[in-house]
Number of protein chains: 2
Amino acid sequence: MGKIRVGIVGYGNIGKGVEIALSKASDMELTAVFTRRNPESVVVQSENVMVCKYDDAPAMMDKIDVMILCGGSATDLPEQTPFMAKYFTVVDSFDNHGKIPEHFAAVDKEAKAGGNVALISAGWDPGMFSISRVYGDAILPNGETYTFWGPGISQGHSDAIRRVEGVLDARQYTVPIEESVQKVCNGENPELTTRDKHKRVCYVVAKEGADQEAIKKQIVEMPNYFEPYDTEVNFISMEELKEKHSAMPHGGRVLRSGTTGKNDEHVHVVEYSLKLASNPEFTGSILVAAARAAWKAKQKGMAGCITMLDVSPADLSAHDGEFLRKNYL
Amino acid sequence: MGKIRVGIVGYGNIGKGVEIALSKASDMELTAVFTRRNPESVVVQSENVMVCKYDDAPAMMDKIDVMILCGGSATDLPEQTPFMAKYFTVVDSFDNHGKIPEHFAAVDKEAKAGGNVALISAGWDPGMFSISRVYGDAILPNGETYTFWGPGISQGHSDAIRRVEGVLDARQYTVPIEESVQKVCNGENPELTTRDKHKRVCYVVAKEGADQEAIKKQIVEMPNYFEPYDTEVNFISMEELKEKHSAMPHGGRVLRSGTTGKNDEHVHVVEYSLKLASNPEFTGSILVAAARAAWKAKQKGMAGCITMLDVSPADLSAHDGEFLRKNYL
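All residue numbers refer to position in the chain's written sequence, counted from 1. Both sets of labels track the order of writing: A upward for chains, 1 upward for ligands. Only residues with pLDDT of at least 70 are given local features in this predicted model, and only at 80 or more are side-chain atom pairs given and counted; all residues enter the totals for whole chains, interfaces and linings. For side-chain calculations, the full set of non-hydrogen atoms in the structure is used, while hydrogens and water are omitted.

### What to know about the overall build of chain A
Right, on to step 1. Elements are defined by DSSP. Helices are runs of H or I of four residues or more, strands are runs of E of two residues or more, and each kind is numbered from the N terminus. In terms of helices and strands, chain A carries twelve helices and 14 strands.
Right, on to step 2. The globule rule is 2.2 Å times the number of residues to the power 0.38, and the radius of gyration it is compared with is taken over C-alpha atoms. Its C-alpha atoms give chain A a radius of gyration of 22 Å, near enough to 20 Å, the size a compact globule of 329 residues would have.
Right, on to step 3. Each of the three principal axes of chain A carries a C-alpha extent, and together these read 65 × 60 × 35 Å.
Right, on to step 4. Counting over 329 residues, chain A shows a buried share of 56%. Partly exposed describes any residue whose relative accessible area lies between the buried limit of under 20% and the exposed limit of over 50%, with all areas from a 1.4 Å probe on protein chains only and scaled to the type maximum.

What follows is the structure in structure tokens.
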């Protein structure tokens, strides 16, 4: 059996993360990158990879087994995933939690029309964290689930700061409140407000002569983004920002605390945690495993939209059942 | 649709844990307990539950949807799981890692002959820990997996001490070496020997007048069980043993440390950890979720042996796909 031939749509941070992950997957190969930019302006790292126009993708149906969509969730994926699902088995990391049912329905329709499998929202949250939430609830139905994000860079919050007048550049770290995490780990089952769970730490480069107090006030009072949190604002130089804050670390944890026993006297705590040196490369790694699972589902004759919740651990693996039972079970 | 009707085979610690877990599962009900003891000698906690003879189980095929086997892995399950799989959809927590392929083959044969689904080795290790090992390997193929057990009581090691001459009773705690765990958490990817990973802490009640030094020597030098580890032996009174060491806590963690990046410069650490107040009740909770998954597989027309690695998170859940996507994804 040949390798699974993969196409990447969108060659940004996540697309590059997928490319790196494919280089470690012995059963898969990168065939082509699709872009809406001028293909000649896109230089990929891997050898023997075509760079093609986005619109030319449908003509490549016989050359690509799975298309991995690496665009943004705001405007790219709502359009691109349904479009590509007509022609290909597809995977995306759509992460706008509130709009997942809508995206699912749109993708499902096109995937079924095309007789393809589409696996959406395959990242770490949604994705691996969702899996942990479902396992926790299934095993300990009498309990509570807590999700903490960070410490890590939030792209959306960093962008929001950059739009404040007088700001040249910025990075925002989402930081879990350690005391709250500890209460959950101890099985105390606390009630936690938004402010109890996370704080926001900002590193801001102000334009020369800008009013730092005014910038700070605008940030900490920004509705939804910062107002519900305790927010720390630090002004630093562009040099320091580039030197200390240009990596893309992230992570977090899902905790399930639940009880068993005749009188619920036994408290159990289940934790799934991630410490990621590169958010887009880890997301890319999940997308590649998900692409394998989507391809297997297609081989079984499935069609339509699924998520990581519908996929077994074995389906994500390059190894067969016998090997997994012998070495991992 | 009615509730899934469950039978429990073997009413020991795990059987009682399953009974408690079923009381929290709104889509399932306990119908009967099967025992090789005199049924009249077995008093179950739940109401409206039959207590039946083990040998009478086959006559109950129309009353039980899933049979949960709660016997021991040494002699009970190798006989009972294949036997029951002829007649019922079955689940067990067979935990003798080395003999899983053999058990799988024996169960698979009978399950296929009976047209039933059998889900074996559904506990936390094997089980949830196996799932974490497979996820870790699938997502970060360039990495290393570490499993630490404890702190918690090991039944097998406690039994081994009780067989030493002069010992009245004993409990053995398996304790992970915290420095080694930290090295893994830090992404240092250490090479760890058996002794580096766990130590063994024993609480022993000696018979009056017994030679404590001789007992200690016999314990710490016991091949396989204690010799490869640093072992601590504490002599205590029967009162203290009963007061402080009669609970059945356990737990542990699976860590996957792996790299991405052009030069493997990004280290990611994924951790799944459990802190369990009652080992048998948590195992019982997993068995109940697994019974639901086995029943769903049977409804889909499957037959044969599977493991937790072949089951999706959604299959373990009492909720439907739409609910899970909206609330857990």
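### Focus on the pattern of salt bridges
All names here are of chain A.
Right, on to step 1. The working definition used for a salt bridge is a side-chain nitrogen of Lys or Arg within 4 Å of a carboxyl oxygen of Asp or Glu. Counted by the stated rule, this structure contains 33 salt bridges over all chains.
Right, on to step 2. Here Arg256 makes a salt bridge to Asp137, at a shortest N to O gap of 3.7 Å. Taken together, the positions of Arg256 in strand β12 (residues 250–260) and Asp137 in helix α4 (residues 128–139) put the pair 119 residues apart, joining distant regions of the chain.
Right, on to step 3. On the accessibility criterion, Asp137 (11% relative accessible area) is buried.
Right, on to step 4. Among the salt bridges present, the one from Asp169 reaches Arg171, with a minimum N-O distance of 3.3 Å. Both residues of the pair, Asp169 and Arg171, belong to the buried class.
Right, on to step 5. One connected set of salt bridges, linked through shared partners, spans Asp159, Arg162, Asp169 and Arg171.

### Digging into the environment of B:Lys53
Residues and elements named next belong to chain B.
Right, on to step 1. With respect to the helices and strands, the residue Lys53 is situated in strand β3 (residues 50–53).
Right, on to step 2. Between the C-alpha atom of Lys53 and that of Ala113, which follows or precedes it by 60 residues, the distance is 24 Å.
Right, on to step 3. The contact criterion used throughout is that any non-hydrogen atoms of two residues lie within 4.5 Å. Discounting residues that sit within four places of it in the chain, Lys53 has contacts with Phe34, Thr35 and Pro39.

### Some details on the nonpolar core
Right, on to step 1. We call a set of buried residues a nonpolar core when its members are Ala, Val, Leu, Ile, Met, Phe, Trp, Tyr or Cys and they connect through side-chain atoms within 4.5 Å of each other. Of all hydrophobic cores here, the largest spans 156 residues; its most connected members are A:Leu119 and B:Leu119.
Right, on to step 2. Not counting the four nearest positions on each side in its chain, A:Leu119 is found in contact with A:Val90, A:Val91, A:Asp92, A:Ala290, A:Ala293, A:Ala294, A:Ile306, A:Thr307, A:Met308 and A:Val311.

### Some details on helix α6 (residues 178–185) of chain B
Right, on to step 1. Residues of α6(B) that are buried: B:Ser180, B:Val181, B:Val184 and B:Cys185. Within α6(B), the buried residues cover an arc of 140° as seen down the axis, which keeps them to one side.
Right, on to step 2. Elements that come into contact with the buried residues of α6(B) comprise β13 (266–276) of chain A together with β7 (143–149), β9 (167–176), α7 (194–197), β12 (250–260) and β13 (266–276) of chain B.
Right, on to step 3. Once α6(B) finishes, B:Gly187 follows within two positions and takes phi at roughly 75°, a positive value. It is the directions from the helix axis to the C-beta atoms whose arc is reported.

### Here we look at the side chain of B:Ser93
Residue and element names in this part refer to chain B.
Right, on to step 1. Along the chain, the position of Ser93 falls in the loop between β5 (89–92) and α3 (100–114).
Right, on to step 2. Take Ser93: its relative accessible area is 9%, and that puts it in the buried class.
Right, on to step 3. Excluding anything up to four places from it in sequence, Ser93 contacts Ile14, Leu69, Ser73, Leu77, Ser121, Ala122, Gly123, Thr283 and Leu287.

### A short note on the sheet that holds β13(B)
Right, on to step 1. Pairs of strands are assigned from DSSP output, requiring at least two bridges between the strands. Sheet architecture is open: six strands sit in the order β7(A)-β12(A)-β13(A)-β13(B)-β12(B)-β7(B), paired in antiparallel fashion. With partners counted over all chains shown, the strands left at the sheet margins are β7 (143–149) of chain A together with β7 of chain B, one partner each. Pairwise comparison of adjacent strand axes, ignoring direction, gives a mean angle of 10° for this sheet.
Right, on to step 2. Taken together, the seven bridges between β7(A) and β12(A) define a ladder with antiparallel strand orientation. Across the sheet, the residue bridging to A:Thr145 is A:Arg256, located in β12(A).
Right, on to step 3. Its contacts with the sheet place α4(A) against β7, β12 and β13 of chain A, and it is angled at close to 5° to β12(A).
Right, on to step 4. Axis lines are fitted through C-alpha atoms, for helices just across the contact stretch, and the angle between N-to-C directions can take any value from 0 to 180 degrees. Docked against the sheet, helix α10 (residues 279–299) of chain B engages β12 and β13 of chain A together with β12 and β13 of chain B, running at close to 70° with respect to β13(A).

### Concerning the pairing of strand β1 (residues 4–9) of chain B
Residues and elements named next belong to chain B.
Right, on to step 1. In terms of burial, β1 is largely enclosed, as five of its six residues are buried.
Right, on to step 2. Of the pairings in the sheet, the one linking β1 to strand β2 (residues 28–35) comprises six bridges and is parallel in character. Paired with Val6 across the bridge in β2 is Leu30.
Right, on to step 3. Seen with the strands pointing away from the viewer, any crossover whose path from the first strand over the helix to the second strand runs clockwise is right-handed. Note that the unit made of β1, helix α1 (residues 13–23) and β2 has a crossover that is right-handed.
Right, on to step 4. Looking at chain direction, β1 and strand β4 (residues 66–69) are connected through four bridges and run parallel. Paired with Gly7 across the strands is Met67, a residue of β4.

### Overview of the packing of helix α2 (residues 76–85) of chain B against α3(B)
Residues and elements named next belong to chain B.
Right, on to step 1. Where α2 meets α3, the closest approach of the two axes is 7 Å, and the angle between their N-to-C directions is 20°. The angle between α2 and α3 falls in the class roughly parallel. Regarding α2 and α3, the two cross each other, and that crossing is right-handed. Here α2 contributes Leu77, Pro78, Thr81, Pro82 and Ala85 to the contact with α3, which in turn contributes His103, Ala106, Val107, Glu110 and Ala111.
Right, on to step 2. Under the convention adopted here, Pro, Cys and the residues Ala, Val, Leu, Ile, Met, Phe, Trp and Tyr are nonpolar, Asp, Glu, Lys and Arg are charged, and Gly plus all remaining residues are polar. A per-class count over the contact of α2 with α3 returns seven nonpolar, two polar and one charged. By the definition adopted for this analysis, an angle is roughly parallel if under 35 degrees, roughly antiparallel if over 145, roughly perpendicular if from 65 to 115, and oblique otherwise. A crossing counts as left-handed when the near helix is turned anticlockwise from the far one by less than a right angle, and as right-handed when that turn is clockwise.

### Here we look at the relation of the copies chain A and chain B
Right, on to step 1. In superposing the copies, a least-squares fit is computed on C-alpha atoms, taking residues whose pLDDT is at least 70 in both. For the pair chain A and chain B, the best superposition has an RMSD of 0.0 Å and corresponds to a rotation of 180° with a translation of 0.0 Å parallel to the axis. Taken together, these values place the two copies in the relation of a two-fold axis.
Right, on to step 2. A symmetric contact is evident, with 98% of the interface residues of chain A recurring at the interface of chain B.

### Observations concerning the confidence of the model for chain A
Right, on to step 1. Mean pLDDT for chain A: 96, with 100% of residues reaching 70 or above.
Right, on to step 2. Under the prediction, the complex receives an ipTM of 0.96, its pTM being 0.96. Residue-level confidence of the predictor is summarised by pLDDT, bounded by 0 at the bottom and 100 at the top.

### Quick look at helix α3 (residues 100–114) of chain A
In an α-helix there are 3.6 residues to a turn, and that puts residues three or four apart on one side.
Right, on to step 1. Between the first and last residue of a helix there are one fewer steps than residues, each counted as 1.5 Å, and that sum is the expected span. Relative to the 21 Å expected for 15 residues at 1.5 Å per residue, α3(A) spans 21 Å between its end C-alpha atoms, a close match to the ideal helical length.
Right, on to step 2. Of the surrounding secondary structure, the elements contacted by the buried residues of α3(A) are α2 (76–85), β5 (89–92), β6 (117–120) and β14 (304–307) of chain A together with α12 (321–327) of chain B.
Right, on to step 3. Of the residues one or two after α3(A), A:Gly115 is the one with positive phi, at around 70°.

### Some points on the interface of chain A and chain B
Right, on to step 1. Contacts between chain A and chain B engage 64 residues on the former and 64 residues on the latter.
Right, on to step 2. Note: buried area is the sum, over both parts, of the accessible area (probe 1.4 Å) each one loses when the two are combined. Contact between chain A and chain B buries roughly 5,700 Å² in total, counting both sides, with carbon and sulfur atoms accounting for 64%.
Right, on to step 3. Area buried by chain A at its contact with chain B is led by A:Ile139, A:Tyr328 and A:Leu329, which between them contribute 14% of it.
Right, on to step 4. Where chain A meets chain B, there are two salt bridges.
Right, on to step 5. Ionic pairing is found between A:Lys24 and B:Asp264, a salt bridge with its closest N-O pair at 2.8 Å.
Right, on to step 6. Looking at the side of chain A that touches chain B, the elements that each hand over two or more residues are α3, α4, β12, β13, α10 (279–299), α11 (313–316) and α12 (321–327) of chain A.
Right, on to step 7. Two elements, β13(A) and β13(B), share seven bridges in a ladder whose sense is antiparallel. Bridge assignment links A:Val269 to a residue of β13(B), and that residue is B:Lys275.

### Digging into the sheet that holds strand β2 (residues 28–35) of chain A
Residues and elements named next belong to chain A.
Right, on to step 1. Pairing is parallel in the open sheet, where seven strands are placed in the order β3-β2-β1-β4-β5-β6-β14. Unpaired on one side and paired on the other, β3 (50–53) and β14 mark the two borders of the sheet. Sheet twist, expressed as the average angle between the axes of neighbouring strands with direction ignored, equals 25°.
Right, on to step 2. When β5 meets β6, the two strands line up parallel, connected through two bridges.

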